[in-house]
Amino acid sequence: MGLLNFKRTIGQETAKGILSKLTNNKATLMFYGPPGVGKATLALEFAQSLVCSSEEKPCGECYGCKAFGNLKSPDLLIISDIKPQPGKPRPDEFYNIEGDLTIKISQIRELQAELSKSPFEFKRRVVIIMNIENANLESQNALLKVLEEGSKDTIFILISSKPTFVLPTIRSRAIKVRFSPLSPSDFSRVIGFYDEVLYKISEGSPGIAKSLLQMGEDLKISLDIWERVIFGDISALNRGLEMFGKWKGLFLRIGYFKVSEFYLYSGDMSSFRRLLYALKDVEVGFRRNTREELLYLSALWNHPFSVI
Ligand SMILES: [Zn+2]
């Protein structure tokens, strides 16, 4: 089988250990853990290792490694909630952690049709299903059937950052491979530098950190807005709600970070509780995404907090 060495995935030694011991020709694996910590990267590296012709796998250079690495082989099937149709997402789409579309039943049906054929160019075939929690019940049931039927020489990799949204009947069929937040030093290796605030806001996820960095100036502005909100300047939040529609999830994440930091340093439980409830309200407001809701929340927020 040769030596497995997953160089592109930083950290995740437990996950790598499980994969190194796997010798089955057909298996269902479930990669779960926080978003942006290397699940998709390792899935692709593992897929490459199954078709790699070098002694140390995946080498990244041989025909198999390149065909899979460029997402160009018919023996690598990717079902994703990022691109609505099955087929071949671009590599940069493959690594997008913010997939939030639905995996459609038609995608699962097309997969099923593909699997009835034999692998085309390699002896093994790999099916990667991204963000499987975004498949509705109907799609998940269809997928369960596909997994039950199995397919010769096919490895399924199900990827999820919310495994509790995946049918227990699917979960129980899979070999579970857990992914964890990265240590500060591994995190720095991926990002290229270390920043404590960035590490804490992203909770050790380089994928989330990269999204935060894409915010540019807006990251600083968000931090500043939450700082002011915590210290009672409600009008700052109104500005935030207007500005950060584009970065909703990240703006809230920054809010949760600032509020926890506030509690950590002040120990003020009653203000902390109030801030947490308010954060929840903002979250609901963002989800409903209605102007009225936001105005209502802003009105609620006009009651000053007795902070410090
Ligand atoms: Zn190779």
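All of these numbers come straight from a predicted model, not from anything done at the bench.

Glancing now at the overall build of the protein chain. Along the backbone of the protein chain there are 15 helices and 7 strands. Restricting the contact set of the protein chain to residue pairs at least 6 apart, pairs at least 24 apart contribute 69%.

A sheet is described by the order of its strands in space; here 5 strands give the open sequence β4-β5-β6-β2-β7, paired in parallel fashion. With one partner strand each, in any of the chains shown, β4 (76-79) and β7 (175-178) form the two edges of the open sheet. Strand after strand, the sheet turns through a mean of 20 degrees between neighbouring axes, direction not considered. Across 6 bridges, the pairing between strand β2 (residues 27-32) and strand β6 (residues 154-160) is parallel.

This paragraph deals with the nonpolar core. Ranked by size, the top nonpolar core spans 48 residues in total, and within it Ala43, Ile128, Ile157 and Ile159 carry the most contacts. One finds Ile201, Phe244, Phe251 and Leu275 within the second-largest nonpolar core, a separate group that totals 20 residues.

Bringing the pairing of strand β5 (residues 125-129) into the picture now. By the criterion of burial, β5 is predominantly enclosed, with 5 of the 5 residues buried. Here β5 shows a buried face lined by Arg125, Val127 and Ile129 and a second buried face lined by Val126 and Ile128. Alignment of β4 against β5, held across 4 bridges, turns out to be parallel. Looking at the pairing, Ile78 lines up with Ile128 of β5. Strand direction decides the pairing type here: β5 and β6, joined by 5 bridges, are parallel. Bridging across to β6, Ile129 finds its partner in Leu158. A crossover links β5 with its parallel partner β6, the connecting element being helix α6 (residues 137-149), and its sense is right-handed.

Moving on, we get to the packing of helix α11 (residues 217-230) against helix α13 (residues 248-266). Where α11 meets α13, the axes come as close as 9 Å, and the angle between the chain directions of the two elements is 45 degrees. The angle between α11 and α13 places the two elements in the oblique class. Taken as a pair, α11 and α13 cross one another with a handedness that is right-handed. Contacts between α11 and α13 pair Ser222, Leu223, Trp226, Glu227 and Ile230 from the former with Phe251, Ile254, Gly255, Lys258, Val259 and Phe262 from the latter. Tallied by class, the residues present in the contact of α11 with α13 amount to 7 nonpolar, 2 polar and 2 charged.

Running from N to C, helix α5 (residues 105-115) and α6 cross one another at 15 degrees; their axes reach a closest spacing of 8 Å. Comparing the axis directions of α5 and α6 gives the class roughly parallel. When the axes of α5 and α6 are compared, the crossing they make is left-handed. For the pair α5 and α6, contact is made by Ile105, Ile108, Arg109, Leu111, Gln112 and Leu115 and by Glu138, Ser139, Ala142, Leu143 and Val146, respectively. Of the residues belonging to the contact of α5 with α6, the class tally is 7 nonpolar, 2 polar and 2 charged.

Structurally, the position occupied by Gly150 is in the loop between α6 and β6. With 124 residues separating them along the chain, Gly150 and Lys26 place their C-alpha atoms 7.8 Å apart.

A few words on the environment of Ile10. Of note, Ile10 is situated in the loop between β1 (3-4) and α1 (13-21). Look at Ile10 and you get buried, because 20 C-beta atoms sit within 10 Å. Each C-alpha atom, one on Ile10 and one on Val190, is 7.1 Å from the other, the two residues being 180 residues apart in sequence. Dropping the residues within four chain positions of it, Ile10 is found in contact with Gly38, Leu182, Asp186, Arg189 and Val190.

Another aspect to go through is the confidence of the model for the protein chain. Chain-level statistics for the protein chain give a pLDDT mean of 85 and a share of 86% at 70 or above. A low-confidence stretch, residues 290-308 stays under pLDDT 50, and its non-local contacts, those more than four residues away or across chains, total 26 contacts.

Conventions we followed
- Residue positions are counted from 1 within each chain, in the order its sequence is given.
- Given that the model is predicted, a residue must reach a pLDDT of at least 70 before its local features are reported, and side-chain atom pairs must reach 80 or more before they are shown or counted; all residues, however, enter totals for whole chains, interfaces and linings.
- Each helix corresponds to a stretch of at least 4 residues labelled H or I by DSSP, and each strand to a stretch of at least 2 residues labelled E; elements are numbered beginning at the N terminus.
- Contacts are defined on C-beta atoms placed from the backbone: any two residues whose C-beta positions lie within 7 Å are in contact.
- What makes two strands pair is DSSP finding at least two bridges between them.
- The convention used is that axes are lines fitted to C-alpha atoms, helices contributing only their stretch in contact, and that angles between N-to-C directions extend from 0 to 180 degrees.
- In this description, a nonpolar core means buried residues of the types Ala, Val, Leu, Ile, Met, Phe, Trp, Tyr and Cys, linked to one another by C-beta atoms lying within 7 Å.
- Here exposure depends only on C-beta density: within 10 Å of a residue's C-beta, 20 or more other C-beta atoms make it buried, 12 or fewer make it exposed, and intermediate numbers make it partly exposed, the C-beta atoms being placed from the backbone.
- The path from the first strand over the helix to the second decides the hand: if it runs clockwise while the strands point away from the viewer, the crossover is right-handed.
- When an angle is under 35 degrees it counts as roughly parallel; over 145 it counts as roughly antiparallel; between 65 and 115 it counts as roughly perpendicular; any other value is oblique.
- Should the near helix be turned anticlockwise from the far one by less than a right angle, the crossing is left-handed, and should it be turned clockwise, the crossing is right-handed.
- Gly is placed with the polar residues, together with every amino acid not listed as nonpolar (Ala, Val, Leu, Ile, Met, Phe, Trp, Tyr, Cys and Pro) or charged (Asp, Glu, Lys and Arg).
- For every residue, the predictor reports its confidence as pLDDT, a number between 0 and 100.

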